[in-house]
Amino acid sequence: MVVLAFSAAFGAAACGGGAPGPDSPAGSARDEERATNLLDKARAEKKTETYRRLVSRFPDSKAAGEGRDELAKLLVDEAKALLKSADFATADERAEEATLYAGVELTQAAREVQKGIDEARADRAAKRALESASAGKCASALKAVADPVRAKARAHFKSALMEKTKAALLTCIEQKLAEEVKAGNVEAARSLLTAPDTTAALDKESYKKAEAVLQKQLVEQGLGVLKPLLDAQKWQDAFTKLDELEKAGKLSASERTIANGVVRDAVKQHVQGLVKTALGAKKPGDVQAQIDAAVKVAGWDTVPEEIEMARWRLSIAVECERLRCKLGKPAAAWAWGAVGLRPAESSGGAESGKLSHGQKIWILGKSPAFALIAKDDPGAADGPALFEKASAWAPAKGLMAADTSGWLPPNDQLAGVVVWAPLRAPAKDYHLGTVKKVDGRKATVVRMADKADVVVDLASLRAGTVGSGLKVMAFCTDQVHTETAKVDSVVSTDEGVPKVKIKCDKGDITRVEIGTALVTKAEWLPPKKP
């Protein structure tokens, strides 16, 4: 009985008393404390292994929740460093592991690292392929791309590798196909195109181009009768011959389409050569008719963009010839007032736009009345290359060799322009206003301070610029008399009225003034030009 009683007492203690179990509140608290201590240690050591131990041993703890994101960031940083050192395999492992612990933002960062790894691996694989392609070893080049593409690689790596190599592979394939077709090895040419490495290494678009190259070469080879006509630039005779062959059943509809392309390619090369020669000739207009005739015979549904651009450049050269303009070294110039523009290909055409007053342009060539201009800096372009940079024709009298932004525009464009003028006679001080109208040698100016109309001499007007460094009068240390100050910057402009920060010459005082209160003197303003 004593033994049974002891056993029962022991069982009761084991079930209901003694130390708390791991699922008890006290056990959970102890685990949370251990997890927190391990998190502190991980933060101090900055070791991924300690963080891994934390999330493995105490996965449901609050500390593990914080540690997962910190572990992910450490893994992403390690992956970036490994990528820089070209350890792609380990970098990829770290980035992939980071996604197991990361939130949305860090997962995206890990994926970006993997993209970088794919790009670097693609560069490495592409280098080998490009070396083989440049040496004419097409089979080796194709295999160097096909093998990694067929492997279990990520989609970004595959697309990056194919993008980096497709141009070189196409060039190599085209040369190889040409050699085989010329030697009569048509089946060998077809085999190259249908080989597994070729279909794997090229994307759909590139493969279609390779197929088109082979078809074209086969048609060219079979239409040797065209060569003498193309060499003699007898474009119409070439198309007539194709009509005869198609009518006789020696040319299928699909082959006829390709054959038309062969003739049109020859026309395109001929036209581009003519334009290049004509642009540097004294009389480019002499060949314009030949070019127009060749384009007409070619019969394109849509004239190729490069042909249109070449003809457009030629039309500018022809217009330059007509105007007796001379090209020169590009020189900067500025518009004086609003300057109307005419199309580069036709100075007599409808106005195509305007230059704003003070706008900087570059003069490429001059005629007595017009200047051929570029709106963007043409750099070191010279000779015929200048026609590629041309934007428009502008009246030469509206362009000045000096910066005109501080000048008043021509008198007939003064209405609506903000000016400085002596608007409180008999005082000679200058105030801001807006020109209302010009009548002979007088101008009516609306005073900015109170909207009053004031008539002043046209010669007294100055450009109403309020730039940094402009000398003005303002209340500084003396609140009764104004003292000299300088404009530091324009703070804002509200309905044409500027608000400026000024610095007084004395007292190191800075304040903000409204444009209506600004006063200056004629001698402090830039001179009226021209």
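Residues numbered from 1 in each chain as written. Predicted model: local features only at pLDDT ≥ 70, side-chain atom pairs only at ≥ 80, totals over all residues. Heavy atoms only, no water.

S.K.: Teacher, can you tell me more about the overall build of the protein here?
M.R.: Scanning the protein for helices and strands turns up 17 helices and 16 strands. Judged by the C-alpha coordinates and their principal axes, the protein covers about 135 × 100 × 35 Å. Long-range contacts, defined as pairs at least 24 residues apart, comprise 55% of the intrachain contacts of the protein with a sequence gap of at least 6. Summed over its atoms, the accessible surface of the protein is roughly 29,500 Å², and 53% of this surface lies on carbon and sulfur atoms. (Helix = DSSP H or I, 4+ residues; strand = E, 2+ residues; numbered from the N terminus. Contact = heavy atoms within 4.5 Å. Areas by Shrake-Rupley, 256 points an atom, 1.4 Å probe, with all protein chains shown as cover.)

S.K.: Explain the packing of helix 4 (residues 62-84) against helix 6 (residues 104-134) here, please?
M.R.: Between two packed helices, the angle of one axis relative to the other and the distance separating the axes together describe the packing. Running from N to C, helix 4 and helix 6 cross one another at 15°; their axes reach a closest spacing of 10 Å. In terms of axis orientation, helix 4 runs roughly parallel to helix 6. Like other packed secondary-structure pairs, helix 4 and helix 6 cross with a definite hand, here left-handed. For the pair helix 4 and helix 6, contact is made by D69, A72, K73, V76, A79, K80 and L83 and by L106, A109, A110, V113, G116, I117 and A120, respectively. (Axes fitted to C-alpha atoms, helices over the stretch in contact; angles between N-to-C directions. Parallel < 35°, antiparallel > 145°, perpendicular 65-115°, else oblique. Left-handed = near helix turned anticlockwise from the far one by under 90°.)

S.K.: I'm lost on the state of the cysteines in this one. Help?
M.R.: In protein chemistry, a disulfide is the covalent bond that joins the sulfur atoms of two cysteines. Following the criterion strictly, the structure yields three disulfides and no others. Covalently, C138 is tied to C172 through a disulfide, its sulfur atoms 2.0 Å apart. One disulfide, between C138 and C172, carries an S-S torsion of -105° and so falls in the left-handed class. Taken together, the residues span a long stretch of sequence, with C138 in helix 7 (residues 138-150) and C172 in helix 8 (residues 155-182) at a distance of 34 residues. A disulfide bridge connects C476 with C504, and the sulfur atoms are separated by 2.0 Å. (Disulfide = S-S within 2.5 Å.)

S.K.: Would you explain the environment of H481 in this entry?
M.R.: Structurally, the position occupied by H481 is in the loop between strand 13 (471-474) and strand 14 (483-494). Look at H481 and you get exposed, because its relative accessible area is 52%. Separated by 29 residues in sequence, H481 and A452 place their C-alpha atoms 25 Å apart. (Buried < 20%, exposed > 50% of the residue type's maximum accessible area, 1.4 Å probe, protein only.)

S.K.: Sorry, what's going on with the nonpolar core here?
M.R.: Generally speaking, soluble globular proteins have nonpolar side chains that are buried together. Counting residues in hydrophobic clusters, the biggest one holds 46 residues, and the most contacted among them are L223, L230, L242, V263, V267, V271 and I291. Mapped by element, the contributors of at least two residues to this core are helix 12 (226-231), helix 13 (235-247), helix 14 (253-279), helix 15 (285-298), helix 16 (305-322), strand 5 (370-374) and helix 17 (386-389). Considering every element that reaches this core, the biggest residue donor is helix 14, with 11 residues. Not counting chain neighbours up to four residues away, the residues in contact with L230 comprise W235, A238, V262, V263 and A266. Ranked by size, the runner-up nonpolar core spans 32 residues in total, among them C138, M162, V181 and A210. (Core = buried A, V, L, I, M, F, W, Y, C linked by side-chain atoms within 4.5 Å.)

S.K.: Would you mind going over the pattern of salt bridges with me for this structure?
M.R.: Side chains that differ in charge, positive against negative, can pair when their charged atoms come close. All told, the structure shown has 36 salt bridges when counted by the stated rule. Where E513 meets R511, a salt bridge forms, and the shortest distance between an N and an O atom there is 3.5 Å. Judged by its relative accessible area of 28%, R511 falls in the partly exposed class. If you follow the salt bridges from partner to partner, you end up with D92, D118, R121 and R154 in one network. (Salt bridge = Lys/Arg side-chain N within 4 Å of Asp/Glu carboxyl O.)

S.K.: Which parts of the structure should I look at to understand the packing of helix 3 (residues 48-57) against helix 4?
M.R.: Axis separation between helix 3 and helix 4 bottoms out at 9 Å; the angle between their running directions is 150°. In terms of orientation, helix 3 and helix 4 fall into the roughly antiparallel class. Crossing angle aside, the handedness with which helix 3 passes helix 4 is left-handed. Across from T48, Y51, R52, L54 and V55 in helix 3, the residues of helix 4 making contact are A63, A64, G67, R68, E70, L71, L74, L75 and E78.

S.K.: Please clarify how the side chain of E513 should be interpreted in this entry.
M.R.: When you line up the elements, E513 lands in strand 16 (residues 510-514). Apart from residues no more than four positions distant in its own chain, E513 is found in contact with A474, P498, K499, V500, I502 and L518.

S.K.: Just checking my understanding: could you explain the environment of K282 for this structure?
M.R.: Relative to the elements of secondary structure, K282 occurs in the loop between helix 14 and helix 15. Once the C-alpha coordinates of K282 and V318 are considered, the two residues, 36 residues apart in sequence, prove to be 9.7 Å apart.

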